[in-house]
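# Observations on chain architecture
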Amino acid sequence: MLIRVVSQAHCAEDATGIARGLFDGYDAPLYPTFDYGTLMTDGGRWSDSLPQVLRDVGSVPADSDTGNGLIEEAWHSTMKELSRKLAVIRAGFEQLSDEEILEGASVEASVEPWNPLGLATDKDDYIDTYTGDIRYAMYGVGEYNGPMYYLYDEYGTAIRTPSEYRDLLETIATGDTDDDQEWYVTPVDVHY
């Protein structure tokens with residue numbers, strides 16, 4: 001999974017260091033959520049599919065074309081994951097009794113075709129149904145970080161809602177930062 005960390009920093013190297021710090025050590029903010037985080041400078045699995053500057057420096061300005069694309073793709077993936085979970089929740093409430101829901105029954109829901117890995121080139125690779133445990137789906141939608149969320153701030157907090165996403169974009173667009181810093185985006189290959 002490729003998440004993106006948006007942070008304020010003086011330069012791209014500092015932003016890369018901020019993202020690295022979210023995963024270093026047992027007390028790191030994102031350590032319990034993800035088993036590891038590999039930066040593109042360290043040869044993350046996705047590094048060959050990203051621009052060379054990310055393999056060299058690790059971060060790009062958030063207001064650049066590359067940075068904007070990384071942010072938009074992360075938000076799109078977040079919304080797709082959440083919509084899949086919400087579809088299971090809706091289907092569960094329509095199809096199951098309260099007792100069945102409490103027992104953790106699974107339901108199948110029709111969803112918009114999407115490949116969660118983002119690498120499908122063949123339409124047969126796209127998934128248009130999603131089966132899940134309704135309680136797990138509710139848990140996932142309610143989480144504050146984890147595999148449903150592809151966009152994080154410099155503190156390891158997931159961007160979870162459309163209003164948080166709009167606020168982030170507005171802050172980046174206005175250049176609102178502390179101490180003459182800029183906004184950067186750092187992609188990180190994670191495993192959960």
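Residues numbered from 1 in each chain as written. Predicted model: local features only at pLDDT ≥ 70, side-chain atom pairs only at ≥ 80, totals over all residues. Heavy atoms only, no water.

Listing the buried residues of helix H5 (residues 134-142) in full gives Ile-134, Ala-137 and Gly-140. Looking straight down H5, one finds its buried side chains confined to an arc of 120°; they lie on one side. Its side-chain oxygen at 2.8 Å from the backbone nitrogen of Arg-135, Asp-133 defines the N-terminal cap of H5. (Buried < 20%, exposed > 50% of the residue type's maximum accessible area, 1.4 Å probe, protein only. Helix = DSSP H or I, 4+ residues; strand = E, 2+ residues; numbered from the N terminus. Arc of directions from axis to C-beta. Polar contact = N/O pair within 3.5 Å; in protein donor to acceptor, adjacent residues only side chain to side chain.)

Taken as a whole, this structure holds 2 aromatic pairs when the rule is applied. When the centroid spacing of 4.6 Å and the interplanar angle of 5° are considered together, the rings of Trp-75 and Tyr-165 count as stacked. Of this pair, Trp-75 sits in helix H3 (residues 65-95) while Tyr-165 is found in helix H6 (residues 162-174), placing the two residues 90 residues apart along the sequence. When its relative accessible area of 10% is taken as the criterion, Trp-75 is described as buried. Tyr-165 gets classed as buried once you look at its relative accessible area, which sits at 10%. Here the aromatic rings of Tyr-136 and Tyr-139 are separated by 6.3 Å at their centres, their planes lie at 35°, and the arrangement is tilted. Here Tyr-136 pairs with Tyr-139, and both are found in helix H5, just 3 residues apart, close to one helical turn. Stacked on the ring of Tyr-144, the Lys or Arg Arg-160 has its end atom at 4.1 Å from the ring centre. (Phe/Tyr/Trp six-rings, centres within 6.5 Å; stacked < 30°, edge-to-face > 60°. Lys NZ or Arg CZ within 6 Å of the ring centre and 35° of its normal.)

This part is about the packing of H3 against H5. Where H3 meets H5, the closest approach of the two axes is 9 Å, and the angle between their N-to-C directions is 140°. Regarding the angle of H3 to H5, the classification is oblique. As for the relative orientation of H3 and H5, their crossing is left-handed in sense. On H5, the residues touching Leu-82, Lys-85, Leu-86, Val-88, Ile-89, Gly-92 and Phe-93 of H3 are Ile-134, Tyr-136, Ala-137, Met-138 and Val-141. The residue inventory of the contact of H3 with H5, partitioned by class, reads 10 nonpolar, 1 polar and 1 charged. (Axes fitted to C-alpha atoms, helices over the stretch in contact; angles between N-to-C directions. Parallel < 35°, antiparallel > 145°, perpendicular 65-115°, else oblique. Left-handed = near helix turned anticlockwise from the far one by under 90°. Contact = heavy atoms within 4.5 Å. Nonpolar A, V, L, I, M, F, W, Y, C, P; charged D, E, K, R; others polar.)

Attention now moves to a negative patch on the surface. A cluster of acidic residues, Asp-176, Asp-178, Asp-179 and Asp-180, forms a negative patch at the surface. Along the polypeptide, Asp-178 turns up in the loop between H6 and strand E7 (182-191). Assessed through its relative accessible area of 48%, Asp-178 is described here as partly exposed. (Patch = residues over 30% accessible without salt bridge, like charges linked within 9 Å, V, L, I, M, F, W, Y side chains within 5 Å. Areas by Shrake-Rupley, 256 points an atom, 1.4 Å probe, with all protein chains shown as cover. Salt bridge = Lys/Arg side-chain N within 4 Å of Asp/Glu carboxyl O. Lys, Arg positive; Asp, Glu negative; His and termini not counted. Charge placed at Lys NZ, Arg CZ, Asp CG, Glu CD.)

What follows deals with the environment of Leu-96. Counting through the fold element by element, Leu-96 comes out in the loop between H3 and helix H4 (98-102). Leu-96 sits in the buried class, given a relative accessible area of 17%. In this structure the C-alpha to C-alpha distance between Leu-96 and Ile-134, which are 38 residues apart in sequence, comes to 9.6 Å. Ignoring any residue separated from it by four or fewer positions in sequence, one finds Leu-96 in contact with Ile-101, Ala-105, Val-107 and Ile-134.

Where side chains of opposite charge bring their charged atoms close, a pairing between them can arise. For the structure on display, the rule yields 3 salt bridges. The closest approach of N and O atoms between Asp-189 and Arg-45, which form a salt bridge, is 2.6 Å. Here Asp-189 is found in strand E7, whereas its partner Arg-45 is found in the loop between strand E2 (36-39) and helix H2 (52-56), with 144 residues between them in sequence. A relative accessible area of 1% means that Asp-189 is categorised as buried.

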